[in-house]
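Structural description and commentary
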There are 2 protein chains.
Amino acid sequence: MARNTQVSADHNAPPITDILARHVATHPSRGWSDAVEHEALRTWLNWVGCAIGAAGHDSVQAALAAMQAFDSAPQASLLGRSERVDMGAAALINGISSHTFDFDDTHLKTIIHPAGPVASALLALAEHRHFSGRQIIDALVLGIDVSCRIGNCMYPDHYDRGWHITGSTGSVGAAAACARLLGLDVQQTAMAMGIAASQPIGMREQFGTMTKPFHPGGSARAGLTSALLAQSGFTASAKALEAPRGFIQTVSTKHDWSEITDELGERFEISFNTYKPFACGIVVHPSIDACVQLRAKGIAPDQIERIDLKVHSLVLELTGKKTPADGLQAKFSVYHGCAAGLMVGRAGEDEYEDAFVTRADTVALRAKVHAVVDDRIDEASADVTAHLKDGSQVHVFVEHAIGSMQNPMSDAQLEGKFHSLADGVIGADRAQAAIAACWGVAQAPGVQALLQAACPR
Amino acid sequence: MARNTQVSADHNAPPITDILARHVATHPSRGWSDAVEHEALRTWLNWVGCAIGAAGHDSVQAALAAMQAFDSAPQASLLGRSERVDMGAAALINGISSHTFDFDDTHLKTIIHPAGPVASALLALAEHRHFSGRQIIDALVLGIDVSCRIGNCMYPDHYDRGWHITGSTGSVGAAAACARLLGLDVQQTAMAMGIAASQPIGMREQFGTMTKPFHPGGSARAGLTSALLAQSGFTASAKALEAPRGFIQTVSTKHDWSEITDELGERFEISFNTYKPFACGIVVHPSIDACVQLRAKGIAPDQIERIDLKVHSLVLELTGKKTPADGLQAKFSVYHGCAAGLMVGRAGEDEYEDAFVTRADTVALRAKVHAVVDDRIDEASADVTAHLKDGSQVHVFVEHAIGSMQNPMSDAQLEGKFHSLADGVIGADRAQAAIAACWGVAQAPGVQALLQAACPR
């Protein structure tokens, strides 16, 4: 028997599904500023690097084995690998690899990692159906605009109640992007997003397991499938996003519709995308940044008597592990992050390998780092003082860490990150060619140059 | 930055994921009463008939076209059709067709349609991997036990807030069933259910569109994929179902864990499955049943002066359409249901075809049905009086309609329903052979006999 009760249903939402479908289907190609366009290229580059970096990870191997059980057809490539699988499986697996190291992009206002769902779906579809680079970047900007605006509308309630917002908003964003790439009209685009609206993916309880990176992968595949279904005439509610028992009101008690409609077509959420310089949680980044700066001032580990670190209480609450036993534990150790920054000037995946974490000199330097809580210091900042053996002190205060909105990574730093991820998988020459293909994608006839570089046969 | 607030989180849930995984992986084959076993066969039969019946529907055509875009490999069959697609696509499409007419089974306590997600996944996997009928029925009973127990735990809050509970619980149930079929151990079964727990599918806003039947289909595919991922070593949280930010607490504020754990292995939820005798919402069934009984008493349409119908207010609220213009509108007309019952003694898909709905004699008889609200009558009952042209009256009161728990359809009636759905698609002889194959599935080496009958080449 149908029940009719629902807590605080909003029956007067604007026609969000139609508004977004119109935006996605009709916004002009390259209809944004140079800054937006450049941020889209940076997003694409960073996503490709992250996916190549984890291409050999157990999560990717397991997902590939499962997809091969379906006798998946060789339609599309896997970044950093030689195998080819069907478009849906490629979207799934590239989405998994791009998020496996937790090193991908972040839309800070919502903590969405926006590229994974959208770019993974687009690359697979564009390769198999031969869409141009210009079409891909258009679809990337618009698809990410959809997921992040829906995220803005629901955050924080939706995240607080347990949803991994990357995968829950990602299905709709990926569907929108694929609809744009396929050239669907407004009505079919609305259907594509509507079908995807029934497929939010991801709970936060999965953090720390392979199912976390499954979320962007699964939503990439769900979005791609939804767009193909819509193209074939499959129908969904034309109010699937905004209706009282549609997606948004079902998965969130907060729904601020103006976050979706305000400045639509003028402000693009991809503008606010950021990229992690270090392969750990953002809360540790200011401390690592400060230690990297100390090293840049010429301070070597053997000169150091003690490092005094002052941080907000949240930093030690989340990453206060003093003596991490392996790479995974080290990700939750601000002490280890500082040691890596002082020793090698970076904290990439290599610095979270077990071998590096347990090296005698790493352990010794980590022991010299002393952290104290000072809640006058913002969560996004760190205050670090090096006490040297000669009795001198060197002080560094980081207000906004590298990689934040206020202090973004430079293009050169993004390329360096790409190399640190990709060189060990495909070699430095291929990595360099892949970087060039990413910067040039919008002028390219397709993704062939990128895939030739990124997928050794 | 990770947030730590969640409304009313329960940190003391029993280890539900582990408890259910142990149940699914270790319960003995055929470890239940004859009554449970027989209900499983009835569930299987009814599901096959529904799937064959809608095999030619636009929803199925569109879904098949989308799956063919992936160059899907011919691993598994589509009921009522000749094409073969990969296991995941077959699970999706058979799940869609089985729910397209809204004519499938119902677990009344939760309004879950339990067979769609579970049986669709099992048939595809069993065909390709050659599992026996005994293994299929074991997995069907246990998979449905998982979805319906999770449904019991969350209902009604979960449904009220907008979830189509069939698809949201179906992913986990289908994963459990496929894990059982694959012979996964307790640990891998927990992983399979855990991966599926991140993929609840379906919002009620989609009712009336093709995305409604997509929900059981999508959850069938999600469950099957999750089991194959787990078999390949993919990991999920071992508390994915019950943790504060796991599946159940994220999608429902109500979580009564005892609904999952009580009498586990003794009481099987498939015992409470019911089958619709009429191709419309359950709220109309008592009125149709009463009119079918009037016809059985020898009353013909041309004898009728007027039909007086007394029903609960909810009946007219949901199905009060007096003059339906087409088949879809007729599904929301108790008047039409009564006319069909009086005219032909049934209300199957044929009686909801536009041609039947708009026939002059149908329209004329429908106009003679007068309904009044009487809230002393239960929602599950109907009071009908036929006023005949000769001045006499015939009264029928239906307390529990045919198809309810209290008044279940007989096996012969289920076979009649099967024929009414399948004969027009595959012919009566094949339908009869398919019925025989369904009743005998538990003794069969596999599903070949069923598929030879149900899938014309």
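Residues numbered from 1 in each chain as written. Chains lettered and ligands numbered in written order. Predicted model: local features only at pLDDT ≥ 70, side-chain atom pairs only at ≥ 80, totals over all residues.

1. Brief notes about the overall build of chain A
Put simply, the test is: Runs of E in the DSSP output that reach at least two residues are strands. Runs of H or I that reach at least four are helices, and both are numbered from the N terminus. What the globule rule says is 2.2 Å times the number of residues to the power 0.38, and the radius of gyration is computed from C-alpha atoms. Any two residues are considered in contact once their C-beta atoms, placed from the backbone, lie within 7 Å.
In terms of regular secondary structure, chain A is built from 21 helices and eight strands. Relative to the compact-globule value of 23 Å for 457 residues, chain A shows a C-alpha radius of gyration of 22 Å, a close match. Projected onto its principal axes, the C-alpha positions of chain A cover 75 × 55 × 45 Å. A sequence separation of at least 24 residues applies to 79% of the contacts in chain A between residues at least 6 apart.

2. Examining the interface of chain B and chain A
Using the following cut-off: Under this grouping Gly is polar, as are all residues other than the nonpolar Ala, Val, Leu, Ile, Met, Phe, Trp, Tyr, Cys and Pro and the charged Asp, Glu, Lys and Arg.
If you look at the interface, chain B gives 64 residues, while chain A gives 64 residues. For the side of chain B that touches chain A, the elements supplying multiple residues, two or more each, are α3 (58-68), α4 (87-100), α7 (157-160), α9 (186-197), α10 (211-231) and α11 (247-251) of chain B. Of all the elements, α10 of chain B adds the most residues to the side of chain B that touches chain A, at seven residues. Each residue belonging to the side of chain B that touches chain A can be placed in one class, and the counts come to 30 nonpolar, 23 polar and eleven charged.

3. Let's talk about the pairing of strand β5 (residues 304-311) of chain A
The condition that has to hold: At least two bridges found by DSSP between two strands is the condition for calling them paired.
As paired elements, β5 of chain A and strand β7 (residues 382-388) of chain A share six bridges and run antiparallel to each other. Residue pairing for β7 of chain A: K310 of chain A is matched across the bridge by D383 of chain A.

4. Let's talk about helix α5 (residues 115-129) of chain B
All names here are of chain B. As a reminder, the rule being used: A helix is expected to span 1.5 Å for every residue after the first. Burial is judged by counting the other C-beta atoms within 10 Å of a residue's own C-beta: 20 or more makes it buried, 12 or fewer makes it exposed, and any count in between marks it as partly exposed, with every C-beta position built from the backbone.
Taking 1.5 Å per residue as the helical rise, α5 with its 15 residues ought to reach 21 Å, and the 20 Å between its terminal C-alpha atoms agrees with that figure. Among the 15 residues that make up α5, 14 are buried, leaving the element largely enclosed by the rest of the structure. Downstream of α5 by one or two residues, H130 has phi in the positive range, about 60°.

5. Regarding the relation of the copies chain B and chain A
Rules: A least-squares superposition brings the copies together, and it is based on the C-alpha atoms of residues with pLDDT no lower than 70 in both.
Superposition of chain B onto chain A requires a rotation of 180° combined with a translation of 0.0 Å along the rotation axis, giving an RMSD of 0.1 Å. Here the symmetry operator amounts to a two-fold rotation axis. A shared interface surface links the copies, since 100% of the contact residues of chain B are contact residues in chain A too.

6. Re the sheet that holds β5 of chain A
Residues and elements named next belong to chain A. Short version of the rule: Angles shown run from 0 to 180 degrees and are taken between the N-to-C directions of axes, each axis being a line fitted to C-alpha atoms and, for helices, limited to the stretch in contact.
Taken in spatial order, the four strands line up as β6-β5-β7-β8 in an open sheet, and their pairing is mixed. The two strands at the open ends of the sheet, each matched to only one other strand, are β6 (369-373) and β8 (393-398). The average angle at which neighbouring strand axes cross in this sheet is 15°, direction not considered. Of the strands in this sheet, β5 and β6 touch helix α16 (residues 334-344), which is tilted by about 130° from β6.

7. Quick notes on the packing of helix α1 (residues 16-26) of chain B against α9 of chain B
Residue and element names in this part refer to chain B. In plain terms, the rule: Each angle receives one of four descriptions, namely roughly parallel if under 35 degrees, roughly antiparallel if over 145, roughly perpendicular if within 65 to 115, and oblique otherwise. Two helices cross in a left-handed way if the nearer one is turned anticlockwise from the farther one by less than a right angle. They cross in a right-handed way if the turn is clockwise.
Relative to each other, α1 and α9 sit at 120°, their axes nearing to 8 Å. By the angle between their axes, α1 is oblique relative to α9. Relative to α9, the crossing made by α1 is right-handed. Here T17, D18, L20, A21, R22, V24, A25 and T26 of α1 lie close against α9, whose contacting residues are V186, T189, A190, M193 and G194. The class makeup of the residues in the contact of α1 with α9 is seven nonpolar, four polar and two charged.

8. A closer look at the domain arrangement of chain A
Heads up, the rule is: Note that the domain bounds reflect an automated or database-derived domain assignment.
For chain A, the assigned domains read domain 1 (16-276 + 438-454) and domain 2 (282-398). Relative placement of domain 1 of chain A and domain 2 of chain A: their C-alpha centres are 35 Å apart.

9. Thoughts on helix α2 (residues 34-53) of chain B
With 20 residues, α2 of chain B ought to run about 28 Å at 1.5 Å a step, and its terminal C-alpha atoms sit 29 Å apart, in line with that. Among the 20 residues that make up α2 of chain B, 14 are buried, leaving the element largely enclosed by the rest of the structure.

10. Brief notes about the environment of Q448 of chain B
All names here are of chain B. You can see Q448 is positioned in helix α21 (residues 448-454). Classification of Q448 as partly exposed rests on a count of 14 C-beta atoms within 10 Å. Between the C-alpha atoms of Q448 and E305, which are 143 residues apart in sequence, the distance is 53 Å.

11. Examining the pairing of strand β7 (residues 382-388) of chain B
Residues and elements named next belong to chain B. Pairing of β7 with strand β8 (residues 393-398), which is carried by six bridges, proceeds in the antiparallel orientation. Paired with D383 across the bridge in β8 is F397. Following β7, the chain reverses through four residues before pairing antiparallel with β8; G391 in that reversal takes a positive phi of roughly 90°.

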